[in-house]
Amino acid sequence: MMPTLGLILAAIAAVASFLVASYILHRAARFGLMQEVNARSSHTRPTPGGGGVGIVVGGSLAGLLSVLLLPFLGVPVIMAGVLIALIGYYDDKHPISARWRLAAQIILMGAIVTVLPLDVLTAQLGVPVPESVLILMLTIPAALWINLYNFMDGIDGLAASEAIFLLAGGALVAFAFEPAVANDPRLWWMLGLAAACAGFLLLNWPPARIFMGDAGSTYLGLMTAFFALTTIASFWLTVWQWLILAALFLVDSLTTLIRRIVRRERVWEAHKRHAYQALQRRFGSHLKVTLLYIAVDVIVLLPLAWLAGAYRDWGWAVAVLVFAVLVPLALKAGAGAPLEPEADEERAGAKDAQ
């Protein structure tokens, strides 16, 4: 019964996401959601934004399964997701101070952490940790991930395809080791949210007709953080497996962030100096970069996440190896490096179909 209901909700989530994003696409100017070209953008013409609202609607519908069967868990998570999306939607139209955005993200992520089985997570650490300290230990990195994910939404199709990989890939690896998770509504919520991302991706695939915007990217950051934490607490996946699955986004965003900190830059300001943005300028194509990231995810990281699960005692070693390889590659690709001369950027942008 659960798989059948899950597949139905996934289909509903995908259709709802596509329809809502389409609605916004045709009314973006009226809603004040047109994203103009500026020095920090990677597109070459004004494009509608806010399409991530479709993902929020589709993902929330998929979450109804958990509300029905796990109300103590599903209700606060859905509410936190909708609230962070509303903040992101408002920020898309009327920029909010970085400190207030971060404060809201910490509060909402903290609310989610408090509904997790903290005693189980404490037992996994192997050392006694006060509950208040554990909440901080989980909330702060998760809130940072929300921002890192938001930073990675800068070219067509990348953030949505990465979310599909994280959610579907995580569910697949968990199922490979414990088929009984197919009866858990959280698995089908993960797949339903992945389906919602797929519905939006039909409009966001290069060349994108609509962008995700902060409403969608912050929502996905919060939801993927929640699914990582709840699956770790349930022993579906380990922290090492999630680090491997998210390695491309983590390495690109963190390497860029650290390099900018070293250069004493204002890291909270928008920019286009991530590795994926440097590669987009080099290749002159959003599509090539998005396909490259998808290929690395599916061909390299997914099997390694499975390997880290098959040999759990060595999962940390697999994760360290992945990061040891990807960090130099990100630096070589240009993560955090000073921008090229403007003329070169304009030539690269002119080649792009967008």
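Residues numbered from 1 in each chain as written. Predicted model: local features only at pLDDT ≥ 70, side-chain atom pairs only at ≥ 80, totals over all residues. Heavy atoms only, no water.

Asker: Break down a nonpolar patch on the surface for me, citing the residues and quoting the values.
Answerer: There is a patch of nonpolar side chains on the surface, built from Val239, Trp240, Trp306, Leu307, Tyr311, Trp314, Trp316 and Val320 and spanning about 830 Å² of accessible area. Of all elements in the fold, only α11 (239-245), α14 (286-310) and α15 (315-333) reach the threshold of two or more residues within the nonpolar patch. Relative to the helices and strands, Trp306 resides in helix α14. Given the relative accessible area of 43%, Trp306 is considered partly exposed. (Patch = residues over 30% accessible without salt bridge, like charges linked within 9 Å, V, L, I, M, F, W, Y side chains within 5 Å. Areas by Shrake-Rupley, 256 points an atom, 1.4 Å probe, with all protein chains shown as cover. Salt bridge = Lys/Arg side-chain N within 4 Å of Asp/Glu carboxyl O. Helix = DSSP H or I, 4+ residues; strand = E, 2+ residues; numbered from the N terminus. Buried < 20%, exposed > 50% of the residue type's maximum accessible area, 1.4 Å probe, protein only.)

Asker: Hey, could you go over the pattern of salt bridges for me, with residue numbers and the actual values?
Answerer: Pairs may arise between side chains of opposite charge once their charged atoms sit close together. Scanning the model with the defined rule gives five salt bridges in all. Linking Arg260 and Glu265 is a salt bridge whose minimum nitrogen-to-oxygen distance equals 2.9 Å. Using a relative accessible area of 23% as the deciding quantity, one classes Glu265 as partly exposed. Here Arg273 makes a salt bridge to Glu265, at a shortest N to O gap of 2.7 Å. Through salt bridges with shared partners, a single network forms among Arg260, Arg263, Glu265 and Arg273.

Asker: Give a description of the environment of Ala215 that names residues and reports values.
Answerer: Tracing the chain through its elements places Ala215 in helix α10 (residues 213-233). Residue Ala215 is classed as buried on the basis of its relative accessible area of 0%. Ala215 sits 161 residues away from Gly54 along the chain, and the two C-alpha atoms are 9.5 Å apart. The residues touching Ala215, leaving out its near neighbours within four places in the chain, are Val53, Val56, Ala85, Gly88, Tyr89 and Asp92. (Contact = heavy atoms within 4.5 Å.)

Asker: Describe the packing of helix α7 (residues 131-151) against α10, naming the residues involved and giving the relevant values.
Answerer: To characterise two packed helices, one gives the angle between the axes of the helices and the distance between these axes. It is at 8 Å that the axes of α7 and α10 come closest, and there the two elements cross at 140 degrees. With respect to each other, α7 and α10 are oriented oblique. The handedness of the crossing between α7 and α10 is right-handed. Listed contacts from α10 to Leu138, Ala142, Trp145, Ile146, Tyr149 and Asn150 of α7 are Asp214, Ser217, Thr218, Leu220, Gly221, Leu222, Thr224, Ala225 and Leu229. (Axes fitted to C-alpha atoms, helices over the stretch in contact; angles between N-to-C directions. Parallel < 35°, antiparallel > 145°, perpendicular 65-115°, else oblique. Left-handed = near helix turned anticlockwise from the far one by under 90°.)

Asker: I'd like a description of the packing of aromatic side chains, backed by residues and values.
Answerer: Counted by the stated rule, this structure contains eight aromatic pairs. Where Trp189 meets Phe226, the ring centres are 5.8 Å apart and the plane angle is 55 degrees; that geometry is what we call tilted. Of the two residues, Trp189 is situated in helix α9 (residues 185-204) and Phe226 in helix α10; the sequence distance between them amounts to 37 residues. Exposure class is identical for Trp189 and Phe226. Each is buried. With 6.1 Å between their ring centres and 25 degrees between their planes, Trp314 and Trp316 make a pair best called stacked. Owing to a relative accessible area of 54%, Trp314 belongs among the exposed residues under this scheme. Here Trp316 falls in the partly exposed class, since its relative accessible area comes to 41%. Taken together, the aromatic side chains of Trp145, Tyr149 and Phe249 make up a single cluster linked through ring pairs. (Phe/Tyr/Trp six-rings, centres within 6.5 Å; stacked < 30°, edge-to-face > 60°.)

Asker: Which residues make up the environment of Pro338, and what are the values?
Answerer: With respect to the element layout, Pro338 can be found in the loop between α15 and α16 (342-351). Residue classification places Pro338 among the partly exposed positions, given a relative accessible area of 48%. Remark: the alpha-carbon pair of Pro338 and Ala278, spanning 60 residues in sequence, is separated by 9.9 Å. Beyond its immediate sequence surroundings of up to four residues, Pro338 is in contact with Arg263 and Arg273.

Asker: Run through helix α8 (residues 158-177), naming residues and quoting values.
Answerer: Residues separated by three or four positions in an α-helix point in the same direction, a consequence of the helix having 3.6 residues per turn. Helix length check: α8 (20 residues) gives 28 Å between terminal C-alpha atoms against 28 Å at 1.5 Å per residue, within 8%. Of all 20 residues in α8, 14 are buried; the element is thus mostly enclosed. (Expected span 1.5 Å × (residues − 1).)

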